[in-house]
Amino acid sequence: MYDFSQVTSWIHELLLTIMPEWLAVTIECVAIGLILLTVYALLALFYIYFERKVCAAFQCRLGPNRVGPFGLLQSFADMFKMLIKEIIRLKNTDRFLFALAPYLVILASMLSFAVLPWGEGMQIIDFNIGIFFLIAVSSIGVLGILLAGWSSNNKFTLIGALRSGAQMVSYELSIGLSVLTMVAFAGTMSVTGIVEAQANMWFIFSGHIPAVIAFVIYLIAGTAETNRGPFDLPEAESELTAGYHTEYSGLHFGYFYLAEYLNLFIVSGVAALLFFGGWQPLHIPGWESFNNVMAYIPPTVWFVGKAIALSFIIIWFKWTFPRLRIDQLLNLEWKYLLPINLFNLVLMVIVIVYQLHF
Amino acid sequence: MRYDEWKDNEYIEQLVEELKANGTNVIVGSFDKLINWGRSNSIWPLTFATSCCGIEFVSLGAARYDMARFGWEVARSSPRQADFMMVAGTIVHRMAPVMRRLYDQLAEPKYVIACGSCAISGGPFRNSYHVVKGIEEIVPVDVFLPGCPPRPEAMIYSIMQLSRKMRVEKFFGGVNRQEKIEEFLAAHPEEELNA
Amino acid sequence: MANIQEKIAKQFPEATFEEGEILLVNIPDDKWHDLAQFLKGDETLHFDHLLTIVGMDWVDKFGCVYYLSSSTSNELLSVKVTTEDREQPMLQSVHDVWTIATTLEREVYDFFGIIFLNNPDMRRLFLSIDWKGYPLRKDYDMSPENNPVPRENERQEDVTYTYVKDEKGNVEKKTVTIFEPNDFVVNIGPQHPATHGVLRFRTAVNGETIKKIDFYSGYIHRGIEKLCEGLTYPQTLHFMDRMDYFSGHQYHHALCLAYEKALGIEVSRRAQVIRVLMDELARIASHCLFLGTYCMDLGATTMLFYTLRVREQILDIMERTCGARMTFNYGCIGGVMQDLHEDFVKDVKELLAVIPKNIKEYNELFIGNVIAKGRLEQVGNLTKEDAIAYGVTGPSGRASGWACDVRKTHPYSIYNELDFEEVVYTEGDSMARTKLRIAEIEQSAKIIEQLIDNIPEGEYCVKVPKVIKLPAGHWFQMVEGCRGAFGVYIESDGGTSPVRLKLAPPCLPLANVVDHLTQGSKIADLITISGSLDYIVPDIDR
């Protein structure tokens, strides 16, 4: 109904009529890059505002409401401030690595953006191992965090970075396995393929028990991946002042700050893609008129809406639970989540083989 | 809030007069306006408190006074990421170099609010052998906030005054702020602690 | 008391006694260590808790007054030891008898320059390493030129000193290593979000595991004790609000009680009831804030807002009567400053109505939380013996099974007429310390409930002389602050200002015990443990 690939192919053909193909592709790439950057920045600003408002609601407060209507411009003000803040140069540090670290972190979340399905035909690149690519590139972020902690030449950042390393490497396993469970169910690694397979019913419903288990594990591991409470040990404010980014100021700190919120979006976006049908509207078999009404809502709204709803749950975690200790954190992963996950994968295979799903 | 209702700070009025007299380039001027709008609306405090005033600062963050309304609730523990330092509480001899170091670690543009009579003058402990008689001996102060401890409303007022001060400064060309720090450093020579 | 005197006189014929409210034993320095061991070791005496060491400068001689208490019989005893050497005063250390003495003797050394022989750690406690002079000596040069505001960072040493006497009687200064050169020492504080103020821990870690902690205080040392020596008696009262700013009412109460005891003033019943009401309201507010900030340290920020809700309500009540939110300055010699506000009873009843609901919410949100349980249970176990040896009083001591509530052990004001329970847990871990404070909120509410409907009529402040002069002598008074037993010692020469006003805060032992509790645990546990002890740094430093 809202097939965006028609628009893109129309633009492509239009460009081809007036210029050679190499130039057309170049222009398209630049345009996509610019759109991506804008969406990236706007989304991060929205998320910062969203989290502050949600957190205020949990804490019986009002939250930002002075800058612009309902405080909507608050994060824009923060952005302008961040742009002009001094970037402090530290003595006795590895300048190159110190400056590289925030870019690596932001690069990881940028690359993950490439395969998110925003709507039908509305994704930057669609290839057959999309979800695999996503897991691969999102792990680059930990490299940036480790570099940041190491190159700052500060004991707090070092401890924060090492905690982060241990945490991310562990929880990557859980994420990978729960994604694998769903890939086995879908039978494809292509993002489009996974979304298409959920046209009639979302995986969380059709895959029932193993899908729900995989979703819960994915949500826990995803929260840990994004370094958010109750797994915010790498930047545990009360223990390590600001964790791995203690020494970063100005724009460099801004990158870490943005990446944190963008990772939140990516994790919830992938959850929406795997379990809640990506951009597919809610369809209930048999309810034809209901399905038609749902289909009128544009797919982008569906996707972003689902992602934000899932982010809300992750934010809810953060403002409710106390922080775990490092040994408890690793125990949770290696002693509980991993065995459950492996068992769940077997369960899913049984469900698929014996056609026990809907 | 309307300008007339706020016209109660002579120092800022003087800055405004000075700016008007000097005049400015249109493009640079509008950039300044945009940046100052951002700066003055996003003032992140450093979590720094030594005594009683610090507890009132906690109250300021709590639901009743809710400084989040103004966007000040992003209290950073690392001085690199904070915009101003609310010196809440008595500063004693042993703390003085530590506070100076924290000030040096703040990223420009940086501001200081002397909160409470102890930070302003030593307060009830002025005659003590171990108390600094006002933090202006150590760091340049932008806003003085009297009280022992000041009420949270007063703290809101002081940060609003700071916000107004930011708004009349120029970021591009003729930075008022920078000159003041240079003057201060000339008067208080010290090797760079920011290593 | 006569029994104690007999026993000591039998063992130590050179001891002399001064009768008084608390028996005072004079003992020569060379016998002091033996007496200390006898006092602690004897089955019936069993003075196992060292309350405080009051350093004294009587111009002609230096000395210390030790206040001791027994955890079994709750008897109090004081011991006076003096030295006449002004050049290099030395006394015997009793750190091996009472563990807390190590730090208390450091404090006396810092203020008076009295060296304690055999004390393993003879560094300054509050003042910086290069400070000139000993400020509480009567001949101390107060001029700012003597000790200007430092511009440079403080010198840091990884060693400490100890003074030992060899057989010939020569005193030798020995060096003791604190941190080895290849220790990975993380500096936590003085500016750190988890230290609750400006306390500094130098922490040697091995990965995430803590090997040793060396604590530094004095970053908010304001010299209140010295300042008081230059002020009149009513003027000294206002400092009480600015030490432990949550226990302002209790600390006022302590000092007023001491002054009234010295002056022989009988306070009206109404004033006593008002004081107790205010004390208990302050206790609820303090424990609420503790719970909030503690949860915030552990990462559950939202709890802070729920607990501050109750605190704000209490502050409103206080503000209406006392006129301030934090520094009330409400108690005065002879009673209280102003009468209660007309809405006081109504407001307090509204508060009492919401407290049970809130406590239920706190228990559901935090105490019952599985992560909180994992973080708190079996973390920072403090045994009863250690609690007494380290002098950990208040809720933290009671969580280790030591019934040390001054309101029960040495009842003051009208506490012995009131029906309330002294909550004591035996687990001694961080969870017990947290739960105990919630239970204490309930007990305080119970006390307020008993009093709120029958506040007697009468004057809120009795007539006292315009110029207050205490008779010559010395007095000691303890109250239960929000964080433990708070003691004041006053010595007067008959003038209008005290010769010595010693404040014995509960928080110094609390900060001192952190090293003992954290050894071998994780960095994150340091936050859990130090948070659960709930010390207030200006109270440590004074």
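Residues numbered from 1 in each chain as written. Chains lettered and ligands numbered in written order. Predicted model: local features only at pLDDT ≥ 70, side-chain atom pairs only at ≥ 80, totals over all residues.

Caption draft 1: Representation of the overall build of chain C. On a plain count of helices and strands, chain C comes out with 18 helices and 17 strands. Against the globule reference of 24 Å for 542 residues, chain C gives a C-alpha radius of gyration of 23 Å, in line with a compact fold. With the principal axes as the frame, chain C shows a C-alpha extent of 70 × 60 × 55 Å. Residue burial in chain C is summarised as follows: out of 542 residues, 52% are buried. Look at the contacts in chain C between residues 6 or more apart in sequence, and 64% of them connect residues 24 or more apart. (Helix = DSSP H or I, 4+ residues; strand = E, 2+ residues; numbered from the N terminus. Rg over C-alpha atoms; globule rule 2.2 N^0.38 Å. Buried ≥ 20, exposed ≤ 12 C-beta atoms within 10 Å, placed from the backbone. Contact = placed C-beta atoms within 7 Å.)

Caption draft 2: Summary view of the overall build of chain A. From N to C terminus, chain A includes 15 helices and 0 strands. For 358 residues, the compact-globule estimate of 2.2 N^0.38 gives 21 Å, and the C-alpha radius of gyration of chain A, at 21 Å, lies within 12% of that figure. Put simply, chain A has 358 residues, and 50% of those count as buried. Long-range pairs, those at least 24 residues apart, make up 79% of the contacts in chain A between residues at least 6 apart in sequence.

Caption draft 3: Examining the confidence of the model for chain C more closely. The pLDDT averaged across chain C works out to 85; a share of 99% of its residues lies at or above 70. Model confidence for the complex: the whole-complex pTM is 0.86, and ipTM, which rates the interface, is 0.82. (pLDDT = per-residue confidence, 0-100.)

Caption draft 4: Representation of the domain arrangement of chain C in the model. Residues and elements named next belong to chain C. You can read the domains of chain C as domain 1 (2–139 + 179–216) and domain 2 (224–520). Between domain 1 and domain 2, the C-alpha centre-to-centre distance is 25 Å. Contacts between the two partners involve 25 residues from domain 1, matched on the other side by 26 residues from domain 2. At the level of secondary structure, the elements contributing two or more residues to the side of domain 1 that touches domain 2 comprise strand S3 (49–57) and strand S12 (209–216). (Domains from an automatic or database assignment.)

Caption draft 5: A look at the nonpolar core. Core analysis: the biggest nonpolar cluster contains 300 residues, and Met85(B), Val87(B), Met99(B), Ile113(B), Cys115(B) and Leu281(C) have the highest contact counts within it. Broken down by element, the residue count for this core peaks at 18 residues, all from helix H12 (residues 250–275) of chain A. Both domain 1 (2–139 + 179–216) and domain 2 (224–520) of chain C contribute no fewer than three residues apiece to this core. (Core = buried A, V, L, I, M, F, W, Y, C linked by C-beta atoms within 7 Å.)

Caption draft 6: Region of the structure containing the packing of helix H7 (residues 269–297) of chain C against helix H14 (residues 430–452) of chain C. All names here are of chain C. Contact geometry of H7 with H14 gives a least axis separation of 9 Å together with a crossing angle of 155 degrees. Comparing the axis directions of H7 and H14 gives the class roughly antiparallel. Viewed along their axes, H7 and H14 form a crossing whose handedness is left-handed. Residues Val273, Val276, Leu277, Glu280, Leu281, Arg283, Ile284, His287, Phe290, Leu291 and Tyr294 of H7 pack against Thr434, Arg437, Glu440, Ile441, Ser444, Ala445, Ile447, Ile448 and Leu451 of H14. Among the residues making up the contact of H7 with H14, the classes are represented as 13 nonpolar, 3 polar and 4 charged. (Axes fitted to C-alpha atoms, helices over the stretch in contact; angles between N-to-C directions. Parallel < 35°, antiparallel > 145°, perpendicular 65-115°, else oblique. Left-handed = near helix turned anticlockwise from the far one by under 90°. Nonpolar A, V, L, I, M, F, W, Y, C, P; charged D, E, K, R; others polar.)

Caption draft 7: Representation of the interface of chain B and chain C within the structure. On the chain C side, the residues contacting the 36 residues of chain B number 36 residues. Put simply, the parts of the chain that give the side of chain B that touches chain C at least two residues each are helix H3 (52–61) and helix H4 (96–105) of chain B. The element that contributes the greatest number of residues to the side of chain B that touches chain C is H4(B), accounting for 5 residues. For the side of chain B that touches chain C, the class distribution of residues is 18 nonpolar, 11 polar and 7 charged.

Caption draft 8: Inspection of the packing of helix H10 (residues 208–225) of chain A against H12(A) at higher detail. Residue and element names in this part refer to chain A. Between H10 and H12, whose axes approach to 10 Å, the crossing angle comes to 170 degrees. In terms of their interaxial angle, H10 and H12 are classed as roughly antiparallel. On H12, the residues that touch Ala211, Phe215, Tyr218, Leu219, Gly222 and Glu225 of H10 are Val267, Ala271 and Phe275. A breakdown of the residues in the contact of H10 with H12 according to their chemical character gives 7 nonpolar, 1 polar and 1 charged.

Caption draft 9: Structural context of the sheet that holds strand S2 (residues 23–26) of chain C. Residue and element names in this part refer to chain C. Judged by pairing direction, the sheet is mixed, and its 5 strands sit side by side in the order S1-S2-S5-S4-S3 without closing on themselves. Strands at the two margins of the open sheet, each flanked by one partner only, are strand S1 (16–18) and S3. Each neighbouring strand pair of the sheet contributes to a mean axis angle of 25 degrees, computed without reference to strand direction. Docked against the sheet, helix H3 (residues 101–112) engages S3 and strand S4 (62–69), running at close to 10 degrees with respect to S3. (Pairing = 2+ DSSP bridges.)

Caption draft 10: Local environment of the interface of chain A and chain C. Contacts between chain A and chain C engage 22 residues on the former and 22 residues on the latter. Secondary structure elements with two or more residues in the side of chain A that touches chain C: helix H11 (237–240), helix H14 (299–320) and helix H15 (326–353) of chain A. Considered class by class, the residues forming the side of chain A that touches chain C number 8 nonpolar, 6 polar and 8 charged.

Caption draft 11: Region of the structure containing unusual backbone geometry. A cis geometry characterises the amide bond from Cys148(B) onward to Pro149(B), with omega recorded as -10 degrees. At Asp66(B), a position not held by glycine, the phi torsion is positive, near 35 degrees. Checked against the element boundaries, Asp66(B) lands in the loop between H3 and strand S2 (84–88). With 23 C-beta atoms packed within 10 Å, Asp66(B) lands in the buried category. Phi is positive for Val59(C), which is not a glycine, with a value near 65 degrees. Residue placement: Val59(C) occurs in the loop between S3 and S4.

Caption draft 12: Up close: helix H8 (residues 302–322) of chain C. All names here are of chain C. Taking 1.5 Å per residue, 21 residues should reach 30 Å; H8 reaches 30 Å between its end C-alpha atoms and fits that length. The sharpest bend along H8 measures roughly 25 degrees and falls at Leu308. In terms of burial, H8 is a largely internal element, 15 of the 21 residues being buried. Following H8 by one or two positions, Gly323 adopts a phi angle in the positive range, close to 90 degrees. (Expected span 1.5 Å × (residues − 1). Bend = angle between axes of the 7 residues up to and from the residue.)

Caption draft 13: Local environment of the sheet that holds strand S16 (residues 485–492) of chain C. Residue and element names in this part refer to chain C. In spatial order, the strands read S15-S16-S17; together these 3 strands make up an open sheet with antiparallel pairing. Because the sheet does not close on itself, it has two edges, and the strands there are strand S15 (473–480) and strand S17 (500–504). Ignoring which end each strand starts from, the neighbouring axes of this sheet average 10 degrees apart. Bridge count for S15 against S16 is 8 bridges, and the pairing is antiparallel.

Caption draft 14: Spatial organisation of the environment of Ile55(B). As for its placement among the helices and strands, Ile55(B) is situated in helix H3. Between the alpha carbons of Ile55(B) and Pro152(B) there is a distance of 9.9 Å; along the sequence they are 97 residues apart. Setting aside anything within four residues of it in sequence, one finds Ile55(B) in contact with Tyr245(C) and Met326(C).

Caption draft 15: Expanded view of helix H6 (residues 152–168) of chain B. Counted at 1.5 Å a residue, the expected span for H6(B) with its 17 residues is 24 Å, and the 25 Å between its end C-alpha atoms agrees. What H6(B) keeps buried is the set Pro152(B), Met155(B), Ser158(B), Ile159(B), Gln161(B), Leu162(B), Ser163(B) and Met166(B).

Caption draft 16: Molecular detail of the environment of Ser444(C). Residues and elements named next belong to chain C. Mapping Ser444 onto the fold places it in helix H14. Overall, the presence of 22 C-beta atoms within 10 Å leaves Ser444 in the buried class. C-alpha separation for the pair Ser444 and Phe420, spaced 24 residues apart in sequence, amounts to 8.0 Å. Contacts of Ser444, omitting those with residues within four sequence positions, involve Glu280, Arg283 and Ile284.

Caption draft 17: Representation of the environment of Gly323(C). On the secondary structure map, Gly323(C) appears in the loop between H8 and strand S13 (331–332). Residues Gly323(C) and Gln338(C), spaced 15 residues apart in sequence, show a C-alpha to C-alpha distance of 9.4 Å.

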